[in-house]
Amino acid sequence: MRYGATTRLSPERALEKAQEYFGKLGLALEEKTERHALFRNDAGCVRVAVATEHGTELEIETKGFDRQVKQFLQRIG
């Protein structure tokens, strides 16, 4: 599933927050660049991408963590 949102956080801070949040859920950080991060465990994965065209825009793709992604977006929104 794909989700999108805009946040007032900087792209760097948004990715830091994603790493903190999804790391606490037991997902390992598999890949990270300036614009995206990929988290994975046996139950599924979460990919967070940031763009700065109109503020900080997040695009999150997930398999197995829809509820947690929605909660994360509410927290940083």
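Nothing here was measured: the structure is a model prediction, and the numbers come from that model.

1. So, the sheet that holds strand E2 (residues 28-32)
At step 1: Spatially, E1-E5-E4-E3-E2 is the arrangement adopted by the five strands of the open sheet, whose pairing is antiparallel. On the outer flanks of this sheet lie strand E1 (2-7) and E2, each paired with one strand and no other. Pairwise comparison of adjacent strand axes, ignoring direction, gives a mean angle of 20° for this sheet.
At step 2: Across six bridges, strand E3 (residues 36-41) lies against strand E4 (residues 44-51) in antiparallel orientation. Residue pairing across strands places Arg 40 opposite Cys 45, the latter belonging to E4.
At step 3: Sitting on the sheet, helix H1 (residues 11-24) touches E1, E2, E3, E4 and strand E5 (56-63), and the angle it makes with E4 is about 165°.
At step 4: Contacts between helix H2 (residues 66-76) and the sheet are confined to E1, E4 and E5, with E5 contributing the most and set at about 165° to the helix.

2. Some points on the environment of Val 46
At step 1: Within the secondary structure layout, Val 46 lies in strand E4.
At step 2: For Val 46, a relative accessible area of 0% corresponds to the buried category.
At step 3: Excluding its chain neighbours within four sequence positions, the residues that come into contact with Val 46 are Phe 22, Leu 27, Ala 37, Leu 38, Phe 39, Ile 60, Glu 61, Thr 62, Phe 65 and Val 69.

3. Topic: the side chain of Thr 56
At step 1: Within the element layout of this structure, Thr 56 appears in strand E5.
At step 2: From its side chain, Thr 56 meets the backbone oxygen of Leu 9 in a polar contact 2.6 Å long.
At step 3: Leaving out residues up to four positions away in the same chain, Thr 56 has contacts with Ala 5, Thr 6, Thr 7, Leu 9, Ser 10, Pro 11, Ala 14 and Ala 51.

4. A closer look at the pattern of salt bridges
At step 1: One pass over the structure, following the stated rule, counts five salt bridges.
At step 2: Linking Arg 13 and Glu 16 is a salt bridge whose minimum nitrogen-to-oxygen distance equals 2.8 Å. Within this pair, Arg 13 and its partner Glu 16 are both found in helix H1, separated by three residues, close to a single helical turn.
At step 3: Here Glu 20 makes a salt bridge to Arg 13, at a shortest N to O gap of 3.7 Å.
At step 4: Residue classification places Arg 13 among the partly exposed residues on the basis of a relative accessible area of 30%.
At step 5: A single salt-bridge network, built from bridges that share partners, covers Arg 2, Glu 59 and Glu 61.

Conventions we followed
Residues numbered from 1 in each chain as written. Predicted model: local features only at pLDDT ≥ 70, side-chain atom pairs only at ≥ 80, totals over all residues. Heavy atoms only, no water. Pairing = 2+ DSSP bridges. Helix = DSSP H or I, 4+ residues; strand = E, 2+ residues; numbered from the N terminus. Axes fitted to C-alpha atoms, helices over the stretch in contact; angles between N-to-C directions. Contact = heavy atoms within 4.5 Å. Buried < 20%, exposed > 50% of the residue type's maximum accessible area, 1.4 Å probe, protein only. Polar contact = N/O pair within 3.5 Å; in protein donor to acceptor, adjacent residues only side chain to side chain. Salt bridge = Lys/Arg side-chain N within 4 Å of Asp/Glu carboxyl O.

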